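Structure at a glance
Now for the letters of each chain:
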Amino acid sequence: LLEETPPLSAKHKFDLHLPGLLKVLAEHLYSSKKVGIRELIQNAHDSCVRRRIEANEPHYRPRIDLSVDPARRTLTIRDNGNGLTEEEIQTYLATIGRGYTRELREKLSLYSPEEAGELIGQFGLGFLSAFLIASEVTLTTRSVSGSGALRWHSAGDEHYDLSPTEHAAIGTTVELRVKPAASFILKENALAGTVRTYADFLPTPIYVQEDEHPINLMTPPWEEDDPLQAARDYVARAFHNTEPLAVFPLSDWKVDIGHDHVTVPLKGFLFVPPGSVASVREFGDMTVFIRRMFICERERDLLPPWARFVRGVIECPVLQPTASREGIHQDENYESVRQALEEQLGQALRELARDEPATWKKIVRGHSDVIVGWAVSDNEFFERVEDIVTFRTSRGPLSLGEYLKLTNGTLYYVTRELGSLQEQVLAEGRDVPAIDASWFAVTPFLQKYALRHPDVDLVQLDGEAEQLLRPIMEEPFAALLKHYREQGVRARVAAFKPADVPAVVLYPQGAELAQEASASAEAGDLPGPLAGLVHEYIDQKFGGGEELKGTLYLNASCPLVRRLAERPPNEATRAVVLTLLHQVARLFAGRMLSAADAVAAFRETTQSLEALLQP
Amino acid sequence: MNIWDWVADYQKKAQADGDKQRLRLTEIFPAAWPHRETAPERMLQMFREGRWLAQQLDEPWWMLFFDYWQVGTLMYWMRDFRDVNDLAISAMLKARSLAFAGCPLNVAIHRDLTNYYLAVDALGYEERIRELINFIEREFAIEGEDRYLLLGDKCTLAQELEHWDEAENFALHELSLVDGDDPRNNPVHHAIFTYTWLCWIAYQRQSWNELSQWARVGEDRSHKAGYGEQEAEFLAWQALLARRERDEEGAQRLKRRASSRISRLRLAWSPCYWFALSAFHKVGGELERSLRVWQRAMGSIAGHGRLALECDYRLEQCRVLAKLGRLGDDDVAAASASAARLLKPAIALGKLERILRGDEDEE
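Below, the structure is looked at part by part. Note that residues are indexed from 1 along each chain, following the sequence as it is written. Numbering of ligands from 1 and lettering of chains from A proceed in the order in which they are written. Selection of residues for local features in this predicted model requires a pLDDT of at least 70, selection of side-chain atom pairs for listing and counting requires 80 or more, and totals for whole chains, interfaces and linings are taken over all residues. Excluded from the side-chain calculation are hydrogens and water; included are all heavy atoms of the structure.

What about the overall build of chain B?
What counts, and what does not: Only runs of H or I of at least four residues qualify as helices and only runs of E of at least two qualify as strands under DSSP, and these elements are numbered from the N terminus. Accessible surface is estimated by sampling points in the Shrake-Rupley manner with a 1.4 Å probe; for residues, cover comes only from the protein chains shown.
A tally of helices and strands in chain B yields 18 helices and 0 strands. Accessible surface for chain B amounts to roughly 15600 Å². Of this, 48% is attributable to carbon and sulfur atoms.

Right under this line is the structure:
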């Protein structure tokens, strides 16, 4: 027995557990069962290319046919390619990891690189992916070399059957018995959609359910006579009838890689959809084809981060697919392609802005959120969009150029979505619209704009609304102000519009944070050093915190306020009216009020009204 | 659980739910981080967008994360402290509320306040900084990456106070934690910064052999980790050392490498880089160049709220101008005004006085 045991140092051969490998492929390598269809179509295509290359047949017309039979639960893929001999079946079909196509491409690449480029297969794993969707696979083939027809059958275990059979035509037919989990593929529409996704640009015509027209385009848009129109048609076909605002064809591009330049072979196009919504419906993604075979869509790293208003379709042979061919390796080539795309897009946008300003304007307006966000951190891009991009204002969307004509060179903006009504009313009172700057990028954009245009002033209404008020002599209103000041209310008088508004309460910028900090410290929520720090912060920023209570501005333009000052009623009535004005103004401010504060304000209002109703 | 474990769990759930918007929250930091040295303002912008998205999605933890990352971007990469205090206090208040109990960023968020005071006016706020450090140590369990952060704060304070032995002890203690530490605690990142401190300490003590040792090892680590700014700093120290040893060719080569490395970056270069560069020119007798170094340094931080550093740079300018015999009243007035903005101006004013008397003769 000992003699029969091989010595430990001997070479051993790996054994392959096919069901285990298939499970790995199905559950871990490929993310979609549809990939099985892609691999079989690609094998069929490669077989047709091989027949054209290897057999000298001038009248050869390659074709691939797919059909489903829901009753029998079968999917059949038939090609009229060069078929397989028994040796080829043994060497390539049944040897995992060894791909006939890859070996042929490597041979061809030396003397016929164009023909090599037409071949797609690479890893010798593709045929196995048939078992993603099938429980049994039957392959019938007759080689163009003249040997007899063969039938190969496997149920996905370690064994397969190979036997002679009758098969008149040259080529290969693969019949899959579809697993229940892949039943979707037995629907004709699903099959057609899958073929279009993966094989739209394959040059071999593909027919589904014996339709007389091939289902695939065969020629990618960039190889059509009118590539721009073809690209628009393709966008409509593949991107849900999106009518692009602009299409930019791609071409080979020389990029600087530091120590040298390389030319990146690029085909395809970029396009700008009609509109985007920041963070919710953004683009910046590419659909990637390699050797005309679809690899992936929504590839987001190829385009620069600022280009989230752009999409594209790219065919690039230097990109390296992953083993599953559902993604791309992010290697040096990938970086060069990314650089080439960024430079080409930048140039295309510059030219568009120069040559087709109307289209450029449409793009900037359709994608304003995304573009504003990007422009803030890129000076060159900012220059190109600063006067075109539109902002939401209290009078609808306006560009800054249009806006500034209305305001004599000042940008008034509010940063809060809620509670900015008072500021908007004050702005409209001065006959100027307020810009809605609640979107995170708007304030930095406006700040950058003001920095670049020294003649433009910037006023943040929620914090600097005093600038909309006209200072006025206090003396005629001294009695009213005295009343408030005696009650600890910071009060001033100013003239502002609309004159119907008798008073407003304004708070400084950052008041909410300071109030929150102060409340936490006073409630004892902050341990010693933090409480000290907070008090110091409030002292330094808000002069001890008095400002945080807000400042009541009586409106000297309001007839009611003027009447109270010029012809005051009796003291009791005046006190009641002044209390009402104050509480209404606090509620109107919509800021810095806790629920308890609001209830107290309503209570005082009600009590004041009751006092007025006293006989 | 550290923040990245928390994010990974969140990401898995978002993926399982097919929730693309929440998935996007998890994608923003990895997409923003590579911009830290070359386009920090873009990194800030991405964090602002993340904050906005988190608010739309009603995700308070994510809102806090993005606030914290904004503070970090402003302090450590943009080096602009004007809005930091508001953001840092706001983050601290949020982090202390019940909703954030167990938040993995609690220590880091409190520490940002320490760092703010350290960067703005460390001598003026010395007591406040000590109180904060003590408080953080008392309040939280300091483990994982937080150990480095706390030691780093102590080391920085000791450097600002010119307590070099104490600073060195903290730095060496920090280095002792690095070997074999869990990579999730970012030991390499912290080691690189510790080497920069050890170089600075060695330079201040004029311990040239030590400076050489730390600069070489720092260069190696920072190069491997892709920390361009720190690599440039280590190269600049080596250039200074080569010049001191009269290896002019080597010195120029090292300086070129340092310049080439740092000029690619779009951030306000670190003070140590400017000091190393200025010292390089002084050793070579190039006082005009040294003066230009300080003028550029001043320009890079002016108006960014770094009061103590502005004062330091003004004093360095005065020091070089005095050597050139061109120290004018305006320069002295500017330095005095700069000192007057500090909480304890006497120390800076004392240094200025010594420059005016011609008592200073460093390097």
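Text resumes after the structure shown.
Considering the overall build of chain A
Here is the rule: Burial status follows relative accessibility: with a 1.4 Å probe on protein chains alone, a residue under 20% of its type maximum counts as buried, one over 50% as exposed, and anything between as partly exposed. The contact rule is simple, with two residues in contact once any of their heavy atoms fall within 4.5 Å.
Each helix and strand counted, chain A has 21 helices and 23 strands in total. Within chain A, the proportion of its 615 residues that are buried is 51%. In chain A, the proportion of contacts linking residues at least 24 apart, taken out of those at least 6 apart, comes to 68%. Only carbon and sulfur atoms are counted for the fraction: they give 51% of the accessible area of chain A, which is about 29500 Å².

Considering the interface of chain B and chain A
Worth spelling out the cut-off: By definition, the buried area sums, over both parts, the 1.4 Å-probe accessible area that each loses when the two are put together. A side-chain nitrogen of Lys or Arg and a carboxyl oxygen of Asp or Glu constitute a salt bridge if their distance falls within 4 Å. Think of a polar contact as two N or O atoms within 3.5 Å of one another; within protein, one of them needs to be a possible hydrogen donor and the other a possible acceptor, and neighboring residues in sequence only count if both atoms come from side chains.
Chain B puts 27 residues into the contact, and the matching count from chain A is 33 residues. The junction of chain B with chain A conceals about 2600 Å² of combined surface from both sides, 61% of it contributed by carbon and sulfur atoms. On inspection of chain B and its partner chain A, the count reaches 3 salt bridges. Put simply, glutamate 536 of chain A and arginine 128 of chain B hold a salt bridge, and the shortest N to O gap is 2.8 Å. Counting across the interface, chain B meets chain A through 4 residue pairs in polar contact (both at pLDDT 80 or more). For the side of chain B that touches chain A, the elements supplying multiple residues, two or more each, are helix H2 (20-32), helix H3 (40-56), helix H5 (84-95), helix H6 (106-121) and helix H7 (126-139) of chain B.

A look at the environment of glutamine 515 of chain A
Residue and element names in this part refer to chain A. Within the fold, glutamine 515 resides in helix H17 (residues 511-522). Under the relative-accessibility criterion, glutamine 515 is labelled partly exposed at 33%. The spatial distance from the C-alpha of glutamine 515 to the C-alpha of leucine 548 is 6.9 Å, given a sequence separation of 33 residues. Among residues more than four places away in sequence, those in contact with glutamine 515 are Leu548 and Met592.

Focus on the nonpolar core
Defined as follows: Working definition of a nonpolar core: buried Ala, Val, Leu, Ile, Met, Phe, Trp, Tyr and Cys residues. They are joined through side-chain atoms within 4.5 Å.
Of all hydrophobic cores here, the largest spans 251 residues; its most connected members are Phe309, Leu341 and Phe445 of chain A together with Trp62 and Trp237 of chain B. Among the elements that make up this core, the one with the highest residue count is helix H4 (residues 60-77) of chain B (12 residues). Residue contacts for tryptophan 237 of chain B: discarding those within four places in its chain leaves Cys199, Trp200, Tyr203, Leu211, Ala215, Cys272 and Ala276 of chain B. Core analysis: the second largest hydrophobic core is formed by 35 residues, Ile89, Val178, Leu186 and Ala199 of chain A among them.

Structural notes on the pattern of salt bridges
Taken as a whole and judged by the stated rule, the model has 51 salt bridges over all chains. Notably, a salt bridge pairs arginine 395 of chain A with aspartate 431 of chain A, separated by 3.1 Å at the nearest N-O pair. A residue pair is termed long-range when its members are at least 10 positions apart, and arginine 395 of chain A in the loop between strand E15 (390-391) and strand E16 (398-399) and aspartate 431 of chain A in the loop between helix H13 (421-429) and strand E18 (435-436) qualify at 36 residues. For aspartate 153 of chain B, the salt bridge is made with arginine 111 of chain B, and the minimal N-O distance between the two is 2.7 Å. With a gap of 42 residues between them, aspartate 153 of chain B in helix H8 (residues 145-160) and arginine 111 of chain B in helix H6 connect regions that are remote in the sequence. Across the pair, exposure class does not vary: aspartate 153 of chain B and arginine 111 of chain B are buried alike. The structure contains a network of salt bridges with shared partners spanning Glu223, Lys267 and Arg292 of chain A.

Examining the sheet that holds strand E20 (residues 470-471) of chain A
Applied cut-off: Two strands qualify as a pair provided that DSSP identifies no fewer than 2 bridges between them.
The sheet built from 4 strands is open, its strands ordered E20-E21-E23-E22 (chain A) with mixed pairing. Each end of this open sheet is capped by a strand with a single partner; those strands are E20 and strand E22 (503-506) of chain A.

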